[in-house]
Amino acid sequence: MKKTLILLSLMLVSCIMTAQEAENYRTVLEKGLNAKQLNMTELSESYFRKAHEIAPDSAEATLQLGFILEEREHFIEARDLFLSGIQQLTLTPPNENETTLADAYEHLASCLIELQDYDSALIKAQKAVELNPGSASAMTSIALAYNTMENYTNALSWAHKAIATTPDYARAYNATGIILYNKGNDNEAIQNFRKATLLDPANTDAYYNLGVMYCLRNNYESAISQLRKGLKISPKSVKLYRCLARAFLQKGDEQNAIACYETILGMDSTNTNALNMLGTIYCNRGEYDRALSYHRKAIRLSPEDPNGYKWAAKTYSDQHNYPQALRYYQKAVELRKDPETYCLIAEMYHRQGNTAKEQNSYKKAARLGSKPAREWLIKKGISW
């Protein structure tokens, strides 16, 4: 962030607060920036939250809190903060905030990619490139958005542009690996993921994707080995523990998977992904009440996240409580039309013997790109 933006934010804050309040704001904000520089993530978050409470209209406090929450994978709250920060920045005089505005759009696009809102991510990333034509981050988000649309030519083109702009940008190599994997070029994908880890040993996405690739090849030991290498470098990486847990699950080692998710919760008690995954494990064990307790906590912590509703619904369905399952599934698709959710709804209707609604749910999933749903419909001779 530019020093001028910090000064501008403080000037704006000073206009609406007393001198003492402005001084308090400056002190708290600086403490947050110092803690961030020392990689004291939780402490910096607490300071930025306090600064944001003191001056909710300050773009600097809003965006700094957003950056920290994005780093901690709290993408929904980070997204909302970036949207607010962008609105605040547009109120400042023209030409004084273009670089920072571009940064805000870049990070917003990255959050939207993580939240699987690819259409919005594409729009925001294109805006970031408009503001900063050399933004490798925004170019990479554009590549990932096109990848989900199966427009691999454009996706690779943008990923290559990002690399040409910033040759050591690990995220671009990681994105290239994702695109190549979707094109069926597994070996090239792995090479790009490895390149990303060499360029940035702290790139958790690349280690994550290497772990996923080896799991897909049923090479669980290599997956676990790669993920543990990543954890030696980034011992507090939630993503790496999350992938390690999945590797253990696919290996059939539920206890080590549970230990990984509990480790995540030990670092971040509000991590809804870990809560939902623990819920699914206990659901598969038939411990439905215990499973629901995790899903309900996830919903309380993040009521706008459809995953808590989706997996709670799956638990109710396994429990044969279909009316409650349907209510939760409806809430999940209201928040996000997700092909996996429609497949789970189809499974619920299959259990009830409701063939018409089962087929309709698979059609909805197929229209959203679900390959399993399309395969199911093709076997039945049904179009979508």
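Everything quoted here is computed from the prediction, not taken from an experiment.

Draft legend 1. Spotlight on unusual backbone geometry. Positioned with a positive phi, Q116 is a non-glycine residue whose angle comes to about 65°. Along the chain, Q116 turns up in the loop between helix 6 (98-114) and helix 7 (118-131). Located in the positive-phi region is N218, a residue other than glycine, with phi close to 60°. Mapped onto the elements of the fold, N218 is located in the loop between helix 12 (204-216) and helix 13 (220-233). Since its relative accessible area comes to 53%, N218 is described here as exposed.

Draft legend 2. Expanded view of the state of the cysteines. Across all of its chains, the model carries 0 disulfides by this definition. Among the cysteines around C343, which has no disulfide bond, C283 carries the closest sulfur, lying 17 Å off.

Draft legend 3. Seen up close, the packing of aromatic side chains. Here the structure, examined in full by the defined rule, presents 5 aromatic pairs. Ring geometry for Y316 against Y328: centres 5.3 Å apart, planes inclined by 45°, an arrangement best described as tilted. Taken together, the residues Y316 in helix 18 (residues 306-318) and Y328 in helix 19 (residues 322-335) connect sequence positions 12 residues apart. Summarising the burial analysis for this pair, Y316 and Y328 share the class buried. Residues Y362 and W376 carry aromatic rings whose centres are separated by 4.3 Å and whose planes lie at 25° to one another, so their mutual orientation is stacked. Linking Y362 in helix 21 (residues 355-367) with W376 in helix 22 (residues 371-380), this pair joins segments that are 14 residues apart in sequence. Directly above the aromatic system of W158 lies the positively charged group of K161, at a separation of 4.0 Å from the ring centroid. One residue, K331, lies across the ring of Y309, its end atom 6.0 Å from the ring centre.

What counts, and where the lines are drawn
- Residues numbered from 1 in each chain as written.
- Predicted model: local features only at pLDDT ≥ 70, side-chain atom pairs only at ≥ 80, totals over all residues.
- Heavy atoms only, no water.
- Helix = DSSP H or I, 4+ residues; strand = E, 2+ residues; numbered from the N terminus.
- Buried < 20%, exposed > 50% of the residue type's maximum accessible area, 1.4 Å probe, protein only.
- Disulfide = S-S within 2.5 Å.
- Phe/Tyr/Trp six-rings, centres within 6.5 Å; stacked < 30°, edge-to-face > 60°.
- Lys NZ or Arg CZ within 6 Å of the ring centre and 35° of its normal.

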